[in-house]
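Coordinates in review
Listed below, chain by chain, are the residues.
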Amino acid sequence: MMPLSMARTGETLIIKNLRCNEETKKHLMEIGFSTGEKAEVIKNTSSGLIVNIKGVKIALNRGLAMGIIVE
Amino acid sequence: MITAALAGNPNCGKTTLFNELTGAKQHVGNWPGVTVEKKEGRYKKNDNINILDLPGTYSLSPYSAEETIARDYIVNSKPDIVINIVDATSIERNLYLTMQIAQTGTPMVVALNMMDEVETMGIDINTSKLSEMLGVPVVPIVARSGKGIDRLMEVTRDTAEKSLAPIKHEIYDKIKKIEESKNDEEADIMAADMRYEYIDKVVDKSVFKPDKKNLTKSDKIDKIVTNRVLALPIFAVIMYLLFACTFSENFLFIEGLPSPGVWLAGVVETAWGAATEAVAGVLASAGVSEWLNQLVIDGIMGGIGAVFGFIPLVLVLFVLMSFLEDSGYMARVAFVMDRIFRKFGLSGKSFIPLLMGFGCSVPALTASRTLESEKDRKITMMVTPFMSCGAKLPIYLMFVATLFADSNRTLIIFSIYFLGMAIAIISSLILNKFMFKSENSGFIMELPKYRIPSLKSVAIHAWDKVKGFAIKAGTIILFSTILIWFLSNFNMSGMCDMEESFLATIGNAIAWIFTPLGFNDWRASVGVVTGWIAKENIVATFGQLFAGVTDETAIEAIMAGEQSLPEIGDVFTKVSAFSYMAFNLLCMPCFAAVGAMRREFGSMKWTLKAVAFQMVTAYVVALIINVVGNIIF
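Overview of the overall build of chain A
From N to C terminus, chain A includes two helices and six strands. Secondary structure elements of chain A occur, N-terminal to C-terminal, as β-β-α-β-β-β-α-β. Here the C-alpha atoms of chain A give a radius of gyration of 10 Å, agreeing with the 11 Å that 2.2 N^0.38 yields for 71 residues. When its C-alpha atoms are laid out on the principal axes, chain A stretches across 30 × 20 × 20 Å. Among the 71 residues that make up chain A, the fraction classed as buried is 56%. In chain A, the share of contacts with a sequence separation of at least 24, taken over all contacts with a separation of at least 6, comes to 56%.

Quick word on the sheet that holds strand S1 (residues 2-8) of chain B
All names here are of chain B. Strand order in the open sheet formed by six strands is S2-S3-S1-S4-S5-S7, with mixed pairing between adjacent strands. Bordering the open sheet on either side are strand S2 (39-42) and strand S7 (138-140), each of which pairs with just one other strand. Taking each pair of neighbouring strands and ignoring which way they run, the sheet shows an average axis angle of 25°. In this structure, S1 lies alongside strand S4 (residues 81-87), joined through five bridges in parallel fashion. Within S4, the residue paired with Ala5 across the bridge is Val82. Across the sheet, helix H1 (residues 14-22) lies against S1, S2, strand S3 (49-53), S4 and strand S5 (108-113), angled at about 155° from S3, the strand it touches most. In the packing of helix H6 (residues 149-161) onto the sheet, contacts are made with S1, S3, S4, S5 and S7, and the angle to S5 comes to roughly 165°.

What about the nonpolar core?
When a protein is soluble and globular, its nonpolar side chains tend to lie buried together. Residue and element names in this part refer to chain B. In this structure, Leu6, Ala111 and Met581 are the most contacted members of the largest nonpolar core, which totals 190 residues. When residues in this core are grouped by element, the largest group, ten residues, is from helix H13 (residues 311-327). Composition of this core by domain shows at least three residues from each of domain 1 (2-208) and domain 2 (236-436 + 458-632). Non-local contacts of Met581, meaning those with residues more than four positions away in its chain, are made with Ile395, Tyr396, Phe399 and Ile416.

Remarks on the interface of chain A and chain B
On the side of chain B, 30 residues touch chain A, which itself brings 28 residues to the contact. Of all the secondary-structure elements, those providing two or more residues to the side of chain A that touches chain B are helix H1 (22-31), strand S3 (38-45), strand S4 (48-53), strand S5 (56-60) and helix H2 (62-66) of chain A. Counting residues per element, the side of chain A that touches chain B draws most heavily on H1 of chain A, at eight residues. Looking at the side of chain A that touches chain B residue by residue, the classes come out as nine nonpolar, twelve polar and seven charged. The pairing of S5 of chain A with strand S9 (residues 444-447) of chain B spans four bridges and is classified as antiparallel. Its bridge partner lying in S9 of chain B, Ala59 of chain A is registered against Met445 of chain B.

Examining the sheet that holds strand S6 (residues 68-70) of chain A
Taken together, the seven strands give an open sheet; going across it, the order is S1(A)-S6(A)-S2(A)-S3(A)-S4(A)-S5(A)-S9(B), and neighbouring strands pair in antiparallel fashion. The open sheet is flanked by strand S1 (2-3) of chain A together with S9 of chain B, the only strands paired with a single partner. Pairing of S4 of chain A with S5 of chain A, which is carried by five bridges, proceeds in the antiparallel orientation. Counted as the bridge partner of Val51 of chain A is Ile58 of chain A from S5 of chain A. Against the sheet, helix H14 (residues 329-343) of chain B touches S4 and S5 of chain A together with S9 of chain B, its axis set at about 150° to S9 of chain B.

Points about H14 of chain B
Residue and element names in this part refer to chain B. Here H14 spans 22 Å end to end across 15 residues, near enough to the 21 Å set by a 1.5 Å rise per residue. Along H14, the sharpest change in direction is near 45° and occurs at Met337. Extensive coverage of H14 is indicated by the burial of twelve of its 15 residues. Within H14, burial applies to Tyr329, Met330, Ala331, Arg332, Val333, Ala334, Phe335, Val336, Met337, Asp338, Phe341 and Arg342.

Scoring rules and cut-offs
Residues numbered from 1 in each chain as written. Chains lettered and ligands numbered in written order. Predicted model: local features only at pLDDT ≥ 70, side-chain atom pairs only at ≥ 80, totals over all residues. Helix = DSSP H or I, 4+ residues; strand = E, 2+ residues; numbered from the N terminus. Rg over C-alpha atoms; globule rule 2.2 N^0.38 Å. Buried ≥ 20, exposed ≤ 12 C-beta atoms within 10 Å, placed from the backbone. Contact = placed C-beta atoms within 7 Å. Pairing = 2+ DSSP bridges. Axes fitted to C-alpha atoms, helices over the stretch in contact; angles between N-to-C directions. Core = buried A, V, L, I, M, F, W, Y, C linked by C-beta atoms within 7 Å. Domains from an automatic or database assignment. Nonpolar A, V, L, I, M, F, W, Y, C, P; charged D, E, K, R; others polar. Expected span 1.5 Å × (residues − 1). Bend = angle between axes of the 7 residues up to and from the residue.

And the structure:
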C-alpha cells in the first residue's frame with residue numbers, strides 16, 4: 001500500500017482507499033476513482049500525474065495523488 | 001410541446017449534438033467546460049421539441065459552480081425528457097451520471113455517442129443489453145456526422161409523449177435507500193461504490209474490448225507535450241508561431257514574405273482605401289458642404305477604417321486560437337501549467353480563461369466558472385483583463401507601424417503580450433498574499449482525446465468572435481467616432497481649430513494625470529477614455545485626431561500601412577508609446593468586460609475592487625516603464 005503519488009510511470013495499480021476530505025473524496029469517486037478500480041499511471045512527473053482510469057485520462061496534481069492509496 | 005434537456009459528462013459531445021439538432025452555431029471546444037450556461041433551441045425537424053443544452057457534469061452532486069446549473073435543472077425544473085449523452089469511449093465513467101439520472105425517475109434516453117471512435121478502437125457494444133440493464137432506451141449515434149440522430153429523436157419523442165420513466169430496477173431502490181438512510185457524505189460514498197459495482201456488471205455484459213493494449217496516438221503525443229523539459233518550450237514555440245502567422249512581416253524568417261494575417265490586412269486596407277476614394281468622389285460631385293465632407297471622410301471613413309483594417313489580423317488570430325482550443329491541447333497546457341500557476345496562487349485551470357482573454361475578456365470571464373475554488377476564481381477574474389485581448393491589438397499595431405517601424409515588429413508586440421502575462425502573474429501573487437487567505441485546492445481535470453478540429457467548428461468559433469468585432473465597428477465605434485469628430489471640431493463658438501475644441505479642453509484638463517507616465521498630450525488622454533468604450537476605439541480616435549487635419553490621400557497611405565500617422569511621432573517617443581500601450585493594456589477593460597465582471601463576481605463591491613486594482617496596476621507599471629525607459633534609452 002502506498003499513495004498514488006509514489007507510483008512509477010507505466011504501473012497499473014488497484015485503488016484501495018481515498019484519504020482526503022469528504023467533498024474531494026466524492027468528486028474523485030464521481031470522476032472514476034472508486035475503490036477496487038484499476039488505475040494505469042501514464043505519467044508521473046513533478047508537475048503531477050496522468051492516470052488512465054475507466055478509459056479516461058485524468059490529470060491530477062501531486063497533492064491529490066498523495067491522498068489516493070493504491071496497491 | 002416537449003422540452004428535452006441534453007445532459008452528460010463534460011466534453012462528451014453535448015454541444016455538437018445541440019448544434020446538429022437545432023442548426024445552431026454554438027461554439028464547440030475540446031476541453032471540459034465549454035458550455036457554462038444553459039442554451040435553448042428548437043429541433044430543426046420538429047418545432048414541437050425544445051432542446052436545452054446543459055453544462056457538462058460528472059454527477060448530480062455538483063462540484064463546481066457550472067455543474068450546479070445542470071443539477072438544478074434536472075432535479076428541480078423537471079424537463080419532459082433528458083437526453084443523456086454518453087461518450088462510448090469512456091462508457092464506465094459516463095454511466096455513473098446515467099444511473100443518477102435514471103434514479104430520479106425522469107423519462108430519459110441514452111444517446112451513445114462517438115460510436116465511430118469505438119469501432120476504430122475495436123470495441124463492440126451490445127446496446128440492447130445495455131438498455132435492458134439500465135432500464136432506459138439506448139440509441140447509438142455519431143454526433144459529429146449526424147449519424148443515428150433521426151432515430152434518437154424518434155425514440156425521444158416516443159418516450160416523452162408516453163412519459164416512460166426508467167424501469168425501476170432493484171439496484172436504483174437499493175441505492176436510494178442507502179442515500180436516504182443516512183443523509184451524509186459517507187452514505188453518498190457508499191452509494192457511489194454501489195453504482196460503480198453495478199456499472200462494472202453492466203459493462204461486463206454489454207461491452208467487449210479487444211485484449212491488445214498499445215500506446216494510443218493520444219498517449220504518445222501526451223508523453224511529448226507534457227514532458228518535464230519540453231512542455232514549456234513547445235508551448236512557447238506554438239504561441240510564437242501563432243503570433244507570427246498573424247502579424248509577421250517576414251514570415252518564417254523569409255525576408256518580405258507577409259504572414260497570412262498581414263497579407264489579408266493589406267487586401268482589406270487597399271479595398272477600404274478604394275472605398276474611401278469612391279465616397280470622396282461622390283461627395284465632391286454632389287458638392288456637399290465642407291463640414292459634411294470632413295465628417296464623412298475624416299470622421300467616419302477614417303475612424304472606422306482604422307478599426308476595419310485590423311479585422312483580418314484579428315480573424316487570423318482567432319482562427320488559430322480556435323484551432324488550438326478545439327484540438328484538445330489546451331487541457332494539457334492547463335495540466336503542465338498547474339504546478340507553476342500554483343506557485344502564483346492560481347490553479348492550472350485558470351489557464352483556460354486567461355488564454356481566452358487573448359481573444360476577448362467577456363467570454364473569458366464567464367469561463368472562469370469552471371474553477372472550483374472561490375479564491376482561484378476571484379483572482380483569475382481580476383487578472384484576466386491583463387491578457388491582451390483582440391481589441392487591444394490594433395493599438396499596438398498602430399504604434400508599431402509608426403514609432404517602431406525600424407524594430408522587430410513581432411518582437412515588440414510579443415513583448416506587450418508578455419508584459420500582460422507577467423503582470424497577471426505578479427498580481428495574482430500579490431492578491432494571494434494580501435487579499436485572500438491561502439486555501440489550496442487540488443487540481444483534477446480530464447484530458448480529452450486529441451481531435452483534428454472540424455473546419456466547421458473552427459469557422460463557427462472564429463466567425464462568432466469576429467462578428468462581434470465587426471458589429472462593434474458598425475455601431476458603438478461609429479457612434480463615438482461621430483461624437484469625437486463633433487467634440488474635436490467644435491467649441492462654444494461653433495466650428496473651430498482642433499486645438500481649441502471641446503475635446504482639447506477636456507483632454508487638457510485631465511492630461512496632467514498622465515504626465516508622470518510620459519504622455520501629457522490631450523489626444524492621448526482622450527484616447528484612454530474612448531478606450532473604455534471599446535479598446536480599438538483608441539485607434540479610431542487617433543485616426544481622427546492625428547490624421548484629421550490632413551487630406552484623403554494621407555489617410556489612405558496610413559491605412560495601407562505605408563505611412564505613419566503624422567504628428568504621432570511628435571507626441572510620443574518610443575518609451576512613452578510603450579508606456580501608453582502598457583497603460584491601456586492594464587487599465588480598466590472596456591465596459592462590456594466590466595459588465596461581465598459584475599455578473600460573474602455577483603457583487604458591485606468586488607467589481608469596483610477589481611477595477612480599482614487594475615487602474616492602480618496600470619498606473620504603476622506605466623510609471624515604471626517611463627522612468628526606467630528614459631534612464632536606459
